[in-house]
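The residues making up each chain are set out below.
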Amino acid sequence: MIKTVPTTPYMDQRPGTSGLRKKVPEFQQPNYVQNFIQSIFDSLEGYKGKTLVIGGDGRYFNPEAIQIIVKMAAANGFGKLIIGKDGICSTPAVSNLIRKKKTFGGIILSASHNPGGPKEDFGIKYNIGNGGPAPEKITEAIFARSKGIDRYRIEDFPDIDLGKIAAIERGGMAIEIIDPVKDYAELMEELFDFDAIRKLFKSGFRMVFDSMHAVTGPYGKEILENRLGAPEGTARNFRPLPDFGGHHPDPNLVHAKHLYDLVMSDKSPDFAAASDGDGDRNLILGRGIFITPSDSLAMLSANAHLAPGYKGGLKGIARSMPTSAASDRVAAKLGIGSYETPTGWKFFGNLLDAGMATICGEESAGTGSNHVREKDGLWAVLLWLNILAVRGLSVREVAEDHWKTYGRNYYTRHDYEAVKSDAAHKLMSELTAKLSSLPGQSFGKDKVEKADDFAYHDPVDHSVSEHQGIRIFFEGGSRIVFRLSGTGTEGATIRVYIERYEADPARLDLDTQKALADLIAAAGKIAGIKAHTGRDRPSVIT
Ligand code: VG1
Ligand code: CO
């Protein structure tokens, strides 16, 4: 039976860079989830009788949230739900299901790389029919609706069994509980040369894929070990846990330091990789080398034609604004378009749909292509494997060859996490106020050429997104970017992105932090980071 339940609004349900993210106790407030889900449904049109995909990264509160959404979807008139067994489905796999099954949309339950558990983070994101995150027009409509919501609709049937693959019916709505890995694994088999990768493993090539107890565990196990014949033990930490084993499922040099230490040791495998909570990020390591995500985007783009799915070449490469310009150089050489979008995958959707870009990437360890409309961690790992198999080179050799051809964009990101919100906003507003006075000023040997507050004009739908980060360009192509994170759940996080281009063959193998030391100092000085935050150093360096 459908119930209409009166409710009162929460005023803080604005989706950020990637959906609504809050601490679990906030989501557990009375009607908090219900309000947000009803606000999503109320902001959509034409879904009656249509299908919705639901999947999550398995974190704490995932099953509870799914049970609520199932009952609300039935009460609001959806015709069918497709749900991953145990409520699990990686973000790129949800995107694939939406596209493959031509559903109306999907709901992803994840706070990505943020920790999980009763006091940690949770998140809800709506994806549209192209498989990608809802664009700002929709997320803003959801937020507006959430501020005025006064009732929600829900069925009162008992909880469904998420643990069994089955097709059932509840409240007049069909529900399919499916294997979340199968369709995704099939897509990967279409894109990549599995025979070549199988041969590579047969020849003794060894890798480690660390799922960090998050959603890619079952995917890594099935694809790498079962389908590609990598030895058992290649997939590590492959059992998804509600608290990710107490760690941050964030594949970077801080939270996956054990992998970095492994490749720097004499026990290094040929290749090591990791993915994040919801499976859309990647970490790429080779023997003795870490590939920055910005470089990985450029290197994958330059070599993608070696994989069957991209043998016809690329239409264009898109990167988020703070991502290094390394991929622009590849696009220029290939004679294809290059695009610069604001942070967050939702801005790539239009370029992919319009066939303007084939590969997209972000400095935050996200890379993907037009095969889905989300970034895709395992996809990046498989494309690397495909390239290594075909070229017969090591990861380091691929990187060195790339830098010789294109020069190297030294790149780092410094995060100041959980800064007081007022202090972070003051830093940004003071910085914005002095933008016009910066050009012409010198910091050490670097002279500011121009500075601006990045606004994006979408070339497809002509929408404009302003205030997407402060950019300071120096003569010679170096750059510093400042922006506030849109995914944090505690205070504010200031991100500082620093980049220097180096073409001198004698300077291609420097330590990144040393190569960027002058610019790092300049960033501190220009923004008054210490004065505003009281911090001497960043909380995380990637
Ligand atoms: C961060 C990253 C951004 C990424 C977003 C979601 O956003 O910088 O590049 O798209 O997380 O990734 P922000 O606003 O905190 O800088 V995920 O893997 O959290 O879905
Ligand atoms: Co993620």
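Residues numbered from 1 in each chain as written. Chains lettered and ligands numbered in written order. Predicted model: local features only at pLDDT ≥ 70, side-chain atom pairs only at ≥ 80, totals over all residues. Heavy atoms only, no water.

Draft legend 1. Representation of the overall build of the protein in the model. Looking only at helices and strands, one finds 18 helices and 27 strands in the protein. In summary, the protein has a C-alpha radius of gyration of 23 Å against a globular reference of 24 Å for 542 residues, a match within 12%. Projected onto its principal axes, the C-alpha positions of the protein cover 70 × 60 × 40 Å. With 542 residues in all, the protein has 58% of them scored as buried. By sequence separation, contacts in the protein at least 24 residues apart represent 73% of the contacts at least 6 residues apart. When the accessible area of the protein is evaluated, it comes to approximately 20,500 Å², of which 50% is carbon and sulfur surface. Each charge class in the protein was averaged separately, 67 positive and 68 negative side chains, and the resulting centres sit 1 Å apart. (Helix = DSSP H or I, 4+ residues; strand = E, 2+ residues; numbered from the N terminus. Rg over C-alpha atoms; globule rule 2.2 N^0.38 Å. Buried < 20%, exposed > 50% of the residue type's maximum accessible area, 1.4 Å probe, protein only. Contact = heavy atoms within 4.5 Å. Areas by Shrake-Rupley, 256 points an atom, 1.4 Å probe, with all protein chains shown as cover. Lys, Arg positive; Asp, Glu negative; His and termini not counted. Charge placed at Lys NZ, Arg CZ, Asp CG, Glu CD.)

Draft legend 2. Structural view of the site of ligand 1. Within the structure, ligand 1 sits among 21 residues, and Thr17, Ser112, Ser364, Thr487 and Arg495 are positioned closest to it. Ser112 is positioned with one of its side-chain polar atoms (N or O) 2.5 Å from an oxygen atom of ligand 1. Take Ser485: an N or O atom from its side chain is 2.6 Å from an oxygen atom of ligand 1. Here the residues of the shell around ligand 1 are counted per class, giving no nonpolar, ten polar and eleven charged. (Near = heavy atom within 4 Å. Polar contact = N/O pair within 3.5 Å; in protein donor to acceptor, adjacent residues only side chain to side chain. Nonpolar A, V, L, I, M, F, W, Y, C, P; charged D, E, K, R; others polar.)

Draft legend 3. Focus on the packing of helix α8 (residues 217–227) against helix α13 (residues 377–391). At their nearest, the axes of α8 and α13 sit 11 Å apart, and the two run at 20 degrees to each other. Comparing their axes, α13 and α8 come out roughly parallel. Pair α8 / α13 crosses with right-handed handedness. Counting all contacts with α8, which are made through Tyr219, Gly220, Ile223 and Leu224, the residues of α13 involved are Leu378, Leu382 and Leu385. (Axes fitted to C-alpha atoms, helices over the stretch in contact; angles between N-to-C directions. Parallel < 35°, antiparallel > 145°, perpendicular 65-115°, else oblique. Left-handed = near helix turned anticlockwise from the far one by under 90°.)

Draft legend 4. Up close: helix α7 (residues 194–202). Those residues of α7 not exposed but buried are Phe194, Ala196, Ile197, Leu200 and Phe201. For α7, the arc enclosing every buried residue in end-on projection is 160 degrees, short of the 170-degree limit, so these residues lie on one face. Structural note: α7 exposes Lys199 and Lys202 on the side pointing more than 90 degrees away from its buried face. The elements touched by buried residues of α7 are α6 (182–191), β10 (207–210), α8 and α13. Immediately downstream of α7, the backbone of Gly204 shows phi near 105 degrees, a positive value. (Arc of directions from axis to C-beta.)

Draft legend 5. Quick look at the coordination of the cobalt ion (ligand 2). The coordination sphere of the cobalt ion (ligand 2), as far as protein atoms go, consists of Ser112 (OG), Asp276 (OD), Asp278 (OD) and Asp280 (OD), spread over 2.0 to 2.1 Å. Counting the intervening residues between successive donors of the cobalt ion (ligand 2) yields the motif S-x163-D-x1-D-x1-D. Accessibility assignment for this pair places Asp278 and Asp280 in one class, buried. (Donors = N, O, S within 2.8 Å, 3.2 Å for Na, K, Ca; no water.)

Draft legend 6. Structural view of the packing of helix α10 (residues 293–303) against helix α14 (residues 395–406). In contact at an axis separation of 11 Å, α10 and α14 are set at 85 degrees when each is read in the N-to-C sense. It follows from the interaxial angle that α10 and α14 lie roughly perpendicular. Residues Asp295, Ala298, Met299, Ala302 and Asn303 of α10 form the contact with α14, whose participating residues are Val398, Ala399, His402, Trp403 and Tyr406. Residue classes in the contact of α10 with α14 are distributed as seven nonpolar, two polar and one charged.

Draft legend 7. How the structure looks around the nonpolar core. Counting 67 residues, the largest nonpolar core has Met188, Phe192, Met207, Phe271, Trp379, Trp384 and Leu385 as the members making the most contacts within it. Looking at this core element by element, the count peaks at ten residues for α13. Taken domain by domain, the makeup of this core includes at least three residues from each of domain 1 (2–180) and domain 2 (184–406). Apart from the residues within four sequence positions on either side, Phe192 is in contact with Ile197, Ala307, Pro308, Tyr310, Trp379, Leu382, Leu383 and Asn386. Residues Phe61, Ile138, Ile154 and Phe157 belong to the second largest nonpolar core, which totals 44 residues. (Core = buried A, V, L, I, M, F, W, Y, C linked by side-chain atoms within 4.5 Å. Domains from an automatic or database assignment.)

Draft legend 8. The sheet that holds strand β11 (residues 235–236), seen in detail. One open sheet accounts for five strands, arranged β11-β10-β12-β13-β14; its pairing is mixed. The sheet is open, and its two edges are formed by β11 and β14 (289–291), each paired on a single side. In this sheet, β11 lies alongside β10 in parallel orientation, the contact comprising two bridges. Counted as the bridge partner of Asp210 is Arg236 from β11. (Pairing = 2+ DSSP bridges.)

Draft legend 9. Layout of α6. Those residues of α6 not exposed but buried are Asp183, Tyr184, Ala185, Leu187, Met188 and Leu191. Close packing links the buried residues of α6 with α4 (91–100), β9 (173–178), α7, α8 and α13.

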